[in-house]
Amino acid sequence: MTAKTTRLLVGGILLVIGLAVLPLLAIDVPGVLPGPTYTAGTLQLLAFALLIAALALTYRMMFGLAGLLSFGHALFFAAGAYGLAMTLEAFGPAEWPSALVFTASILVTLVLGFVLAATVGALALRVTGISFAMVTLAFAQAGSVLVRRNPGGATGGDEGIPLDTANVPPELVGVVDTRNLYWMALGILVVVYLIVLWVERSRAGHVAEAVRENELRVRVIGMRPYDVKLLVFIVASVLASVAGMGYLLLQSGAAPRIATADFTLTLLVIVVLGGVGARWGAIVGGIVYTLLDQRLTALAGSDAIAALPDVLRIPLSEPLFILGTLFVLVVLFLPGGIAGLPSRIATGRRQHPAEPEEAVDA
């Protein structure tokens, strides 16, 4: 183990410990957090940001590692949320203990997520490039329509589906236990990161990276790019389902928006904002985007914005306008995203968009 690896490992452990003790502290960041870090509202927001970061990390593995531009990643996030909600409501004999029903429901949802990922991946990966993106988009649209049509009253339609808490551990239910939900979200992020790290450093991960750079060359040396891309697709999709289950428990329900292609585009924006070249870039991008999205909405309705002239008030009252402007600025002036900022500061010069990014092992 090199000195750099040791520093990264120690830094990562200290960061996780710091995030874990955050609910026990009274840190207040005005304008960024709605209140001190021990309050339920702040913990809810931070837990949501951690889950979005975990989801962005899974999308970054698919897009950044294997070069698969998918417009249907939200389908698997929704499959985890809706699958767990429907399974908890319908699964398990009445005589089973609640803990067993909850555990079995999670396992069944994971299996369903795996089957869905394997099916969609096996079909979509028959084509490449923009054709692959269009096939995943078609599956995403089909899933979104299915959720909104509410077949048999299973998905709740436009109203969404609530969480049946009868078989959910009481430690994960209610405002009082928001701290436990925060720790659950942090645990999901850590597990997702470790699995992504393991895949990227495995032989399959190296082959996937080679496929991204030159698929023809990989075929020439006798390897099968299809199998490796399918593996990455399935792992990323199942991990997205895990994040979806965490989302259901955190929000006590699921809404149809999480099944739309628009939500996948949001993930793409997050990954580009954080930086495709680093794992931690997706995490930072997810947290920053979520905090901006939540706080800019509050800012847009504030009296300070309402008092501005129309030329400023109208655009600043639209959070999407501000987020879109920020995204354009990042693409123009930070081609490597937030993750590329430290190297930019160190070199003291602007990286040209055509220049290759340096590999970041974090």
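Per-chain numbering applies: the sequence of each chain, read as written, is numbered from 1 onward. Confidence filtering applies because this is a predicted model: local features only for residues at pLDDT of at least 70, side-chain atom pairs given and counted only at 80 or more, and all residues used for totals across whole chains, interfaces and linings. As a rule here, side-chain values come from all non-hydrogen atoms in the structure, and water together with hydrogens is ignored.

Undergrad: Before we go on, may I ask you to explain the environment of Gly 275 in this structure?
TA: Positionally, Gly 275 belongs in the loop between helix 10 (261-274) and helix 11 (279-300). Considering only alpha carbons, one finds Gly 275 and Val 330, 55 residues apart in sequence, at a separation of 9.7 Å. The contact rule is simple, with two residues in contact once any of their heavy atoms fall within 4.5 Å. When sequence neighbours within four positions are dropped, the list of residues in contact with Gly 275 reads Gly 281, Ala 282, Gly 336, Gly 337, Ile 338 and Ala 339. Each helix corresponds to a stretch of at least 4 residues labelled H or I by DSSP, and each strand to a stretch of at least 2 residues labelled E; elements are numbered beginning at the N terminus.

Undergrad: How do you make sense of the packing of aromatic side chains when you look at a structure like this?
TA: Each aromatic ring pair is described using two quantities: the centre-to-centre distance and the angle formed by the ring planes. Note on aromatic pairs: the rings of Phe, Tyr and Trp (six-membered ring only in Trp) are paired at centre separations within 6.5 Å, and the planes decide the class, stacked below 30 degrees, edge-to-face beyond 60, tilted for the rest. Taken as a whole and judged by the stated rule, the model has six aromatic pairs. Ring geometry for Phe 48 versus Tyr 247: centroids 6.1 Å apart, planes at 50°, classification tilted. Residue Phe 48 is found in helix 2 (residues 40-65), and its partner Tyr 247 is found in helix 9 (residues 225-251); the two are separated by 199 residues along the sequence. We classify Phe 48 as buried; its relative accessible area is 17%. With a relative accessible area of 11%, Tyr 247 lands in the buried category. Ring geometry for Phe 132 versus Phe 233: centroids 6.2 Å apart, planes at 80°, classification edge-to-face. With Phe 132 in helix 5 (residues 129-149) and Phe 233 in helix 9, the pair connects residues that are 101 residues apart, well separated along the chain. Note on accessibility: Phe 132 and Phe 233 belong to one class, buried. Taken together, the aromatic side chains of Phe 48, Phe 77, Tyr 247 and Phe 263 make up a single cluster linked through ring pairs. For every residue, the accessible area (1.4 Å probe, protein chains only) is compared with the maximum for its type, and the residue is labelled buried under 20%, exposed over 50%, or partly exposed between those bounds.

Undergrad: Would you take a moment to explain the UniProt feature "transmembrane region" (unreviewed entry) in the protein chain for this structure?
TA: UniProt positions are given in the numbering used here, feature names are shortened, and annotations may be inferred rather than shown by experiment. Per the UniProt record, the feature "transmembrane region" (unreviewed entry) sits at residues 36-56, 63-84, 96-116, 123-142, 181-199, 230-250, 265-289 and 320-341. Within the segment residues 123-142, helix and strand shares are 80% and 0% respectively, and the terminal C-alpha atoms sit 15 Å apart. What you have in residues 265-289 is 84% helix and 0% strand, and the ends, taken at the C-alpha atoms, are 13 Å apart.

Undergrad: Help me understand the side chain of Thr 58, please; the structure alone is not making it clear to me.
TA: Residue position: Thr 58 is located in helix 2. Judged by its relative accessible area of 0%, Thr 58 is buried. We define a polar contact as two N or O atoms separated by no more than 3.5 Å, with the added condition that, inside protein, one atom must be a possible hydrogen donor and the other a possible acceptor, whereas residues neighbouring each other in sequence contribute only through side-chain atom pairs. Side-chain polar atoms of Thr 58 contact the side chain of His 73, separated by 2.9 Å. The residues touching Thr 58, leaving out its near neighbours within four places in the chain, are His 73, Val 192, Ala 236, Leu 239 and Ala 240.

Undergrad: Whenever I open this one, helix 11 confuses me. Can you help?
TA: An α-helix turns once every 3.6 residues. As a result, residues three or four positions apart point the same way. What a helix is expected to span follows from its residue count: subtract one and scale by 1.5 Å. For helix 11, built from 22 residues, the straight-helix expectation of 32 Å at 1.5 Å per residue is met to within 8% by its first-to-last C-alpha distance of 32 Å. Looking at the buried positions of helix 11, the neighbouring elements they touch are helix 2, helix 6 (178-201), helix 10, helix 12 (303-306), helix 13 (310-316) and helix 14 (319-333).

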